Amino acid sequence: MNILEILLDSDPAVKRQTEIYLLGRESRYTVDGWTGEFLARFDEETKTWGNGIYGPKWISTFYTMRDLTSLEIDPKHPIYQQGLTTLVSRLWHSDLSVKDDVCVVAMLVSMLSYGNYSAPVIEDMVDYLLQSQLSDGGWNCAATHGSSNKSSIHTTLSVLEAYADYEKHGYTNLLAATQEQTPRGQAYLLERNLMRRKSNGEIILPSIVQFHFPTRWKYDVLRALSYFAAVDYPYESSFAEGLALLKKKFERGYLTKGTTYTGRLHFQMETTKIGTMNTLRGLRVLKRYDEEFYHEVIRRELDVTLR
């Protein structure tokens, strides 16, 4: 079997995204597999997951909704919509400090945009992000508290993803402002070749050269490359080292699931040697930036016992 056949024979959410993003086919939403497992754990009485809003990680409402968004659940699904309502009602008010966490707000904007939520609520959050950009072009989760004037790769990428999702899903009122800020945020990451400190050229954090799914709130090189590919950013030399790292990890013909961040799980998604979601995400990047290598990978025959 080649890797495309393996992805098409894996979890229904992976199959659907493979059909859409790699094969250019239409594909229906499904609640089978991982998506259904998450939905089954929704508490109808409290309208939450894990009996919590932002914590406990990673079974809370916030991070379960992040997982469902990554799996591209039908955005109109009633439980997904209820999850959005729960998050807005419990997070977006003046009594909670999480409202003043740029990273959390950015991730929430991405989820709300995906779910086509009420424009005024989203625009309040986007306006908050617009006011939080720092002089170096990026963002930091703690910037609004005055505790930092230096950006974070984690928060910067989350805000860039939020701005991209705001535009992708048809929101327009603050689009000119987000588009004005986006190039400086992108430059913040590109100036670091997506992985290196600007000051001394060292790898920013050891964990960012490992590829993770789910990504949680954390930055890694694959997540950064996936963002640039998703917004159809033209290839430039700043991608070279990250793409070389990705290609090296594809030497076996697939990507592994990566290191798992410490925390509680509803269930284990990836249970084989092949990290199907990481592989899918990596192939999407290769298809955009190195089509020749992409075709080389998908033609390769793999040992099915790897699964």
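Residues numbered from 1 in each chain as written. Predicted model: local features only at pLDDT ≥ 70, side-chain atom pairs only at ≥ 80, totals over all residues. Heavy atoms only, no water.

Visitor: Got a minute to help me understand the nonpolar core in this structure?
Guide: By size, the foremost hydrophobic cluster in this structure holds 99 residues, and its most contacted members are Ile3, Leu129 and Leu283. It is helix α6 (residues 102–114) that contributes the most residues to this core, 11 residues altogether. Leaving out residues up to four positions away in the same chain, Leu283 has contacts with Ile3, Leu7, Leu22, Phe250, Tyr294, Val297 and Ile298. (Core = buried A, V, L, I, M, F, W, Y, C linked by side-chain atoms within 4.5 Å. Buried < 20%, exposed > 50% of the residue type's maximum accessible area, 1.4 Å probe, protein only. Helix = DSSP H or I, 4+ residues; strand = E, 2+ residues; numbered from the N terminus. Contact = heavy atoms within 4.5 Å.)

Visitor: How should the packing of helix α12 (residues 276–289) against helix α13 (residues 291–299) be read in this particular structure?
Guide: Between two packed helices, both the angle of their axes relative to each other and the distance between the axes serve to describe the pair. The contact between α12 and α13 brings their axes to 6 Å, and the two run at 135 degrees. The angle between α12 and α13 places the two elements in the oblique class. Only Glu291, Phe293, Tyr294, Val297 and Ile298 of α13 make contact with α12, whose side of the interface consists of Leu283, Leu286, Lys287 and Tyr289. Across the contact of α12 with α13, the residue classes break down as seven nonpolar, no polar and two charged. (Axes fitted to C-alpha atoms, helices over the stretch in contact; angles between N-to-C directions. Parallel < 35°, antiparallel > 145°, perpendicular 65-115°, else oblique. Nonpolar A, V, L, I, M, F, W, Y, C, P; charged D, E, K, R; others polar.)

Visitor: Can you walk me through empty space enclosed by the protein in this structure?
Guide: Where empty space is left becomes clear once a probe the size of a water molecule has been rolled over the atoms. Using the criterion set out here, one finds four cavities of 30 Å³ or more in the structure. Quantified by volume, the largest cavity comes out at close to 210 Å³. Lining of the largest cavity is provided by 18 residues; of these, Phe213, Pro214, Arg216, Leu265 and Met269 occupy positions nearest its centre. When grouped by side-chain class, the residues that make up the lining of the largest cavity number eight nonpolar, six polar and four charged. (1 Å grid on protein atoms, 1.4 Å probe; cavity = no way out; pocket = protein on both sides within 12 Å on 5 of 7 lines; lining within 4 Å. Points joined across faces, edges and corners; volume = space filled by probe spheres on them.)

Visitor: It is not clear to me how the pattern of salt bridges should be interpreted in this structure. Could you clarify?
Guide: Working definition: two side chains of opposite charge can pair if their charged atoms are close together. This model, assessed by the stated rule, comprises 12 salt bridges. Ionic pairing is found between Arg25 and Glu19, a salt bridge with its closest N-O pair at 4.0 Å. We classify Glu19 as buried; its relative accessible area is 12%. Where Arg223 meets Glu161, a salt bridge forms, and the shortest distance between an N and an O atom there is 2.7 Å. In this pair, Arg223 is assigned in helix α10 (residues 221–230) and Glu161 in helix α8 (residues 153–168), connecting sequence segments 62 residues apart. (Salt bridge = Lys/Arg side-chain N within 4 Å of Asp/Glu carboxyl O.)

Visitor: Help me understand the packing of aromatic side chains, please; the structure alone is not making it clear to me.
Guide: Ring pairs (aromatic) are described by centroid distance and by the angle formed between their planes. Overall, the coordinates contain 17 aromatic pairs when judged by the stated rule. When the centroid spacing of 5.7 Å and the interplanar angle of 90 degrees are considered together, the rings of Trp139 and Tyr163 count as edge-to-face. Note that Trp139 is positioned in the loop between α7 (119–130) and α8 and Tyr163 in helix α8, a separation of 24 residues in sequence. Of the residues examined, Tyr163 reaches a relative accessible area of 2% and is grouped as buried. Seen in terms of ring centroids, Phe239 and Tyr289 are 5.0 Å apart; in terms of plane orientation they differ by 55 degrees. Their pairing is tilted. Within this pair, whereas Phe239 is found in the loop between α10 and α11 (240–249), its partner Tyr289 is found in helix α12, the two being separated by 50 residues in sequence. Taking the relative accessible area as the measure of exposure, Tyr289 reaches 11% and is therefore buried. (Phe/Tyr/Trp six-rings, centres within 6.5 Å; stacked < 30°, edge-to-face > 60°.)

Any link to function would need more than the numbers given here.
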